[in-house]
Amino acid sequence: PTQTSTSTLPRPSPAAARADRFMGELCIEGWLHRSKKGDPTQRERRYFFSSGFAVEYCKTPDRASRTGKFDLRMVEELDEPEPGMLFVRVKGKTHPLHVFLPSPMEALQQGDGADAKAWRMLWASAVDESVVSLALESARDTNLAEHFTMLREEKRQTRALLLAKSASALPRDSKEAEEDGEEASVLCIPLEVLDANADIVAPETPSRSAAKTAAAGADSEWSFAEVRYGGKYSFVTIGAKELVQAGIADGIKQFKASPDKFEAMWFQADMVDWPVEQQRYTLLLREGTSGFEPDDSTPQGGFLCILAT
């Protein structure tokens, strides 16, 4: 994880003092309520973890039953249309998210949990300033926003370093073509370069996959977003990757059947038109993964990533 220095915030109250301690590591957690499928009248209690730019929410505080996640860098709108209710629109998400902040009594009952002010401050400072509504402008903290800016820049530098290392591993003819400006070489970095540490596994049998597809269909909490991108991705932590040599269509069924197991799936976009025996894709395990997202999304991207959230 990227290390950041501790911000110094005022401590006007015990609740704010707890918030200050969370802000020191750009982390906060506690029980909140969130809307279901974008409907604020349908609320579900979830335990939220907000660490850096990564936000996860689970049925229990032990993170064993995560039901969703989003990245604060991907937020397109952050508002508070009603006191205590944050409206969060995230790029790639089908429905907006309504997050109901704890009342002063709820925050007190949580003990070490943060109050509504702390949640507002952290998220309003982490997202891009242009997406913060007038209602939340005063919640944005200058010092905290600077820490997130530093974190964002460090992630960019890390990605640039990883990309440079990947480029040095390209075959000579591919690298020369990239230097000559051929678009295909820039967009389609070979999967063996991107997934050098992936485990090659056999696909699941159709009967097992079909059974899990039916089970997953009953779980209305999962949604699947498709993103075209150039082949690069970023993360806070990353779990194991499985490089599967099999048909992509069957792979998508397997992925959607097991969203509790897999965080993401990606493959070269035009490979779906190749002979099935030449197709392959990568599955990213959910365990050990946080803050994962494809970078440089564009409709012309050479790769397609499917995210289970």
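First things first, this report covers the structure right here in the doc. (Residues numbered from 1 in each chain as written. Predicted model: local features only at pLDDT ≥ 70, side-chain atom pairs only at ≥ 80, totals over all residues. Heavy atoms only, no water.)

**Overview of the sheet that holds strand S6 (residues 85-90)**
Phase 1 of the analysis: One open sheet accounts for seven strands, arranged S4-S3-S2-S1-S7-S6-S5; its pairing is antiparallel. Two strands close off the open sheet at either side, each with one partner strand: strand S4 (66-71) and strand S5 (75-82). Pairs of neighbouring strands in the sheet enclose a mean axial angle of 35°, with direction left out of account.
Phase 2 of the analysis: Docked against the sheet, helix H3 (residues 116-126) engages strand S1 (27-36), strand S2 (39-51), strand S3 (54-58), S4, S5, S6 and strand S7 (97-100), running at close to 90° with respect to S1. (Pairing = 2+ DSSP bridges. Helix = DSSP H or I, 4+ residues; strand = E, 2+ residues; numbered from the N terminus. Axes fitted to C-alpha atoms, helices over the stretch in contact; angles between N-to-C directions. Contact = heavy atoms within 4.5 Å.)

**Some words on the pattern of salt bridges**
Phase 1 of the analysis: Scanning the model with the defined rule gives eleven salt bridges in all.
Phase 2 of the analysis: Residue Arg66 pairs with Glu263 through a salt bridge whose shortest N-O separation is 2.4 Å. With Arg66 in strand S4 and Glu263 in strand S12 (residues 262-268), the pair connects residues that are 197 residues apart, well separated along the chain.
Phase 3 of the analysis: Across the pair Arg89 and Glu77 runs a salt bridge, and its minimum N-O distance is 3.5 Å. Here Arg89 is found in strand S6, whereas its partner Glu77 is found in strand S5, with twelve residues between them in sequence.
Phase 4 of the analysis: Taking relative accessible area as the criterion, Glu77 reaches 29% and is therefore assigned partly exposed. (Salt bridge = Lys/Arg side-chain N within 4 Å of Asp/Glu carboxyl O. Buried < 20%, exposed > 50% of the residue type's maximum accessible area, 1.4 Å probe, protein only.)

**Some remarks on the nonpolar core**
A general trend in soluble globular proteins is that nonpolar side chains are found buried together.
Phase 1 of the analysis: Formed by 33 residues in total, the largest nonpolar core has its most connected members in Phe70, Leu72, Val75, Val88 and Trp123.
Phase 2 of the analysis: Elements represented by at least two residues in this core include exactly S1, S3, S5, S6, S7, H3 and helix H4 (142-168).
Phase 3 of the analysis: It is H3 that provides the largest number of residues to this core, a total of eight residues.
Phase 4 of the analysis: Look past the residues within four positions of Val88 in its chain and what remains in contact with it is Phe70, Val75, Glu77, Leu78, Pro96, Leu97 and Trp123.
Phase 5 of the analysis: Judged by nonpolar contacts, the second largest core, of 15 residues, contains Phe255, Phe262, Leu283 and Ile306. (Core = buried A, V, L, I, M, F, W, Y, C linked by side-chain atoms within 4.5 Å.)

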